[in-house]
Amino acid sequence: MSLLKIISLTAGYGKNIVITNIFVNVNEGEIVAILGPNGSGKSTLLKSVMGITKVFSGKIFFKDVDLTPLSVDRRARVGIGYVPQLDNVFTELSVEENLEMGAYTRPKREEVRLDIEDIYSLFPSLRGKRKRKAKTLSGGERQMLAIARALMAKPKLLILDEPTSSLAPNMVSTLVSKIKEVNSRGVSVLMAEQNVKVALEIADRVYIMRSGRVIFEGPSNSLTGAMIGDLFLTKRATQRTDPEEG
Ligand SMILES: Nc1ncnc2c1ncn2[C@@H]1O[C@H](COP(=O)(O)OP(=O)(O)OP(=O)(O)O)[C@@H](O)[C@H]1O
Ligand SMILES: [Mg+2]
């Protein structure tokens, strides 16, 4: 069953169109990756789901709910957890305060308490640092905290913007296994990723974007090495600079 359905979305910032005629679908239980070089529009697509871009045309459905007329705040409450690419934790708050902030929409504090314990069992390294300010964490721990905080709102869909970027290789594999574990607990995942290896390892299906358009869509195992090389070798030359183009 379709959880998120993006239909013919054209969006950008101010008067500038950045992504054009995008169709993306995330089914219940899936991990879907959006691949593409710098500036291809991956973050813009994810931000559009959360309502923080200018949508020119198209529709975004979460289950049966049309998100397009909803405010940013309402979207955060329909069951979508969003972890932005940057500034995704409250650095001056402790680990545990960050988790509590993630549950601000939930009235039942007793349940929230239990969920924080549950989160610590999923991310044991956070338990020992519960009183530490988030700014003292390593890059990988911060990323785990950002995901953990999003999970505190009990989302059905988790949107992750390049969760593995700038992490050390061993931390990348830890994070990948954590994302898989979150998914196996029944949370669907839509993630932007620049690391092809990570995307192919983790995702059921991938979309490849270039210059604000989807240029490939299919199961991860349908991407051949030659296609990947072809798509990414020319990325610098095709980097989109003029949003009016096309
Ligand atoms: N807030 C903004 N206002 C205006 N233009 C923006 C804004 N954010 C991004 N852009 C432009 O939109 C285009 C696509 O950017 P976007 O961040 O979506 O790409 P991306 O695929 O996520 O890249 P990266 O891999 O570097 O994160 C770029 O040309 C960028 O300059
Ligand atoms: Mg981005």
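Everything that follows concerns the structure shown earlier in this document.
Counting of residues starts from 1 at the beginning of each chain's written sequence and follows it residue by residue. As they are written, the chains are lettered A onward and the ligands numbered 1 onward, keeping that order. This being a predicted model, a pLDDT of at least 70 is required before a residue's local features are given, and a value of 80 or more before pairs of side-chain atoms are given or counted; all residues contribute to the totals for chains, interfaces and linings.

*Asks:* Describe the overall build of the protein, listing the residues and the values that go with them.
*Replies:* The way it works is that DSSP assigns letters per residue, a run of H or I at least four long becomes a helix, a run of E at least two long becomes a strand, and they are numbered from the N terminus. A tally of regular secondary structure across the protein gives 10 helices and 10 strands. Taking 246 residues into account, the globule formula puts the C-alpha radius of gyration at 18 Å, and the protein, at 18 Å, falls close to it. Dimensions of the protein along its principal axes, counting C-alpha atoms only, are 50 × 40 × 35 Å. Going through the 246 residues of the protein one by one, you find that 40% of them count as buried. Considering only contacts within the protein whose residues lie at least 6 apart along the sequence, 69% involve residues at least 24 apart. Throughout, radius of gyration means the C-alpha value; the globule benchmark is 2.2 Å times the number of residues raised to the power 0.38. Here exposure depends only on C-beta density: within 10 Å of a residue's C-beta, 20 or more other C-beta atoms make it buried, 12 or fewer make it exposed, and intermediate numbers make it partly exposed, the C-beta atoms being placed from the backbone. The contact criterion used here is simple: two residues whose C-beta atoms, placed from the backbone, lie within 7 Å are in contact.

*Asks:* How would you summarise the nonpolar core if you had to cite specific residues and measurements?
*Replies:* Each nonpolar core consists of buried Ala, Val, Leu, Ile, Met, Phe, Trp, Tyr and Cys residues. Their C-beta atoms, within 7 Å, join them into a set. Counting 67 residues, the largest nonpolar core has Ala33, Leu145, Ala148 and Ile159 as its most contacted members. Of all the elements, helix α6 (residues 139–151) adds the most residues to this core, at seven residues. Residue contacts for Leu145: discarding those within four places in its chain leaves Val89, Val95, Asn98, Leu126, Ala134 and Leu137.

*Asks:* Mind laying out the environment of Gly58, listing which residues take part and the relevant values?
*Replies:* Looking at the element boundaries, Gly58 is found in strand β4 (residues 54–62). Sequence-wise, Gly58 and Met1 are 57 residues apart; in three dimensions their C-alpha atoms are separated by 21 Å. Setting aside residues up to four positions removed in sequence, Gly58 forms contacts with Ile7, Ser8, Leu9 and Thr10.

*Asks:* So what about the site of ligand 1? Which residues, and what values?
*Replies:* Each residue receives a C-beta atom built from its backbone; the residue is near a molecule or strand if that atom lies within 6 Å of it. Around ligand 1 sit 14 residues, and of these Tyr13, Asn38, Lys42, Ser43 and Thr44 come closest. For the shell around ligand 1, the element with the highest residue contribution is helix α1 (residues 42–50), accounting for three residues. All amino acids are sorted into three groups, where Ala, Val, Leu, Ile, Met, Phe, Trp, Tyr, Cys and Pro are nonpolar, Asp, Glu, Lys and Arg are charged, and the leftover types, Gly among them, are polar. Of the residues that constitute the shell around ligand 1, the class distribution is three nonpolar, nine polar and two charged.

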